Amino acid sequence: MYNNEEIKEKVDYCLNCKVKPCTKGCPLNNDIPEFINNIKQEKYEQAYKILSRTTVLQSICGRVCPHMNQCMGSCIRGIKSNPVSIGELEYYLGDLAIENGFSMEELDKDCSGKKVAIIGSGPARTYLCRISS
């Protein structure tokens, strides 16, 4: 786990671009500058809610996604230097949410009465069942 100084350094490195090339590079379309901006302001639960709109596995995705081919590969900072450490910030936030019991952003629910079976969904199964019921 990172200490506060390391996290502050990582979030301060983000330019908070208006065009958001990192978000465009993310297959989930995570609002990366917005969640980083909330971490910068120490609004960790709000940052988690922003990420939970598009992903429910922040701790895992932050560790296993090929960030350099996606969001970090699209980061403006990466043109002349190193990109923002988006993956590290994502799993830091996911781990922090687990430790502190942050709740996810409430999602729009489709109450059409249809049911879906997810085979092999693992940890996502509980979440999917919750929003589909």
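Residue numbering note: each chain is counted from 1, following its sequence as written. In view of the model being predicted, local features appear only for residues whose pLDDT reaches at least 70, and side-chain atom pairs are presented and counted only at 80 or more, with totals across whole chains, interfaces and linings using the full set of residues. Water and hydrogen atoms were dropped before computing side-chain values, which therefore reflect all heavy atoms in the structure.

## Observations concerning the confidence of the model for the chain
In this model, the chain carries an average pLDDT of 84, and 77% of its residues clear a pLDDT of 70 or more. Confidence scores here are pLDDT values: one per residue, from the predictor, ranging 0 to 100. A run of H or I in DSSP counts as a helix once it spans at least four residues, and a run of E counts as a strand once it spans at least two, with each numbered from the N terminus. Taken element by element, the predicted model of the chain shows its lowest mean pLDDT in helix H8 (residues 124-132) (46) and its highest in helix H6 (residues 71-74) (96). pLDDT under 50 marks residues 125-133. Its contacts with residues more than four places away, or in other chains, come to seven contacts. Contacts were defined at the residue level, with two residues in contact if any of their heavy atoms lie within 4.5 Å.

## A few points about the packing of aromatic side chains
Each aromatic pair joins two rings of Phe, Tyr and Trp (for Trp, the six-membered one) with centres within 6.5 Å, and gets the label stacked for planes under 30 degrees apart, edge-to-face for over 60, and tilted for any other angle. Overall, the coordinates contain two aromatic pairs when judged by the stated rule. Centroid distance Tyr48 to Phe102: 6.1 Å. Interplanar angle 50°. Geometry classified as tilted. Placement of the pair is Tyr48 in helix H4 (residues 44-52) and Phe102 in the loop between helix H7 (86-100) and H8, with a sequence separation of 54 residues. Type-normalised accessible area, obtained with a 1.4 Å probe on protein chains alone, sets the label of each residue: buried when under 20%, exposed when over 50%, and partly exposed for intermediate values. Of the residues examined, Phe102 reaches a relative accessible area of 18% and is grouped as buried. Charge-over-ring contacts are defined here by two conditions on Lys NZ or Arg CZ: a distance within 6 Å of the ring centre and an angle within 35 degrees of the ring normal. Note that Arg77 overlies the ring of Tyr13, its terminal NZ or CZ placed 4.3 Å from the centroid.

## Quick word on empty space enclosed by the protein
Definitions used throughout: a 1 Å grid over protein atoms alone; a cavity as a set of points that fits a 1.4 Å probe which cannot get out; a pocket as an open set with protein on both sides within 12 Å along at least five of seven lines; a lining residue as one with an atom within 4 Å of a point. Grid points are joined across faces, edges and corners, and a volume is the space filled by probe spheres set on the points. Scanning all chains against the criterion turns up one cavity of 30 Å³ or more. As a volume, the largest cavity reaches approximately 90 Å³. Those elements that place two or more of their residues in the lining of the largest cavity are helix H2 (21-25) and helix H3 (32-40). Of the residues assigned to the lining of the largest cavity, the class counts are 11 nonpolar, no polar and one charged. Residue type decides the class: Asp, Glu, Lys and Arg count as charged, Ala, Val, Leu, Ile, Met, Phe, Trp, Tyr, Cys and Pro as nonpolar, and the leftover types, Gly among them, as polar.

## Brief notes about helix H1 (residues 4-12)
Restricting attention to buried positions, one finds in H1 the residues Ile7, Lys10 and Val11. Looking down the long axis of H1, one finds its buried residues gathered within 95° of arc, a one-sided arrangement. Of the residues in H1, the exposed ones pointing more than 90 degrees away from the buried face are Glu5 and Glu9. In protein, a polar contact requires one atom able to donate a hydrogen and another able to accept it; more generally it is a pair of N or O atoms within 3.5 Å, and residues adjacent in sequence count only if both atoms are side-chain atoms. Between a side-chain oxygen at the N-terminus of H1 and the backbone nitrogen of Glu5 the separation is 3.0 Å; the capping residue is Asn3. For this quantity, the arc is that covered by the directions from the helix axis to the C-beta atoms.

## As for the pattern of salt bridges
Each salt bridge in this description consists of a side-chain nitrogen of Lys or Arg and a carboxyl oxygen of Asp or Glu lying within 4 Å of one another. The tally for this structure, following the rule as stated, stands at four salt bridges. Glu88 is the salt-bridge partner of Lys10, the closest N and O atoms lying 2.7 Å from each other. Taken together, the residues span a long stretch of sequence, with Lys10 in helix H1 and Glu88 in helix H7 at a distance of 78 residues. Exposure remark for Lys10: the relative accessible area of 18% places this residue in the buried category.

## Focus on unusual backbone geometry
Although it is not a glycine, Asn16 adopts a positive phi angle of roughly 55°. Mapped onto the fold, Asn16 is located in the loop between H1 and H2. Given the relative accessible area of 34%, Asn16 is considered partly exposed. Positive phi outside glycine occurs at Asn29, with the angle close to 65°. Here Asn29 lies in the loop between H2 and H3.

## Notes on the nonpolar core
If you look at the biggest cluster of nonpolar residues, it comprises 26 residues, and the most contacted ones within it are Ile32, Phe35, Ile36, Ile39, Ile86 and Leu93. Listing elements by their share of this core, those giving two or more residues are H1, H3, H4, H6 and H7. By residue number, the principal contributor to this core is H7, which donates six residues. Once you skip the residues sitting within four places of it in the chain, Ile36 turns out to touch Val11, Cys14, Val84, Ile86 and Leu89. By nonpolar core is meant a set of buried Ala, Val, Leu, Ile, Met, Phe, Trp, Tyr and Cys residues that side-chain atoms within 4.5 Å join together.

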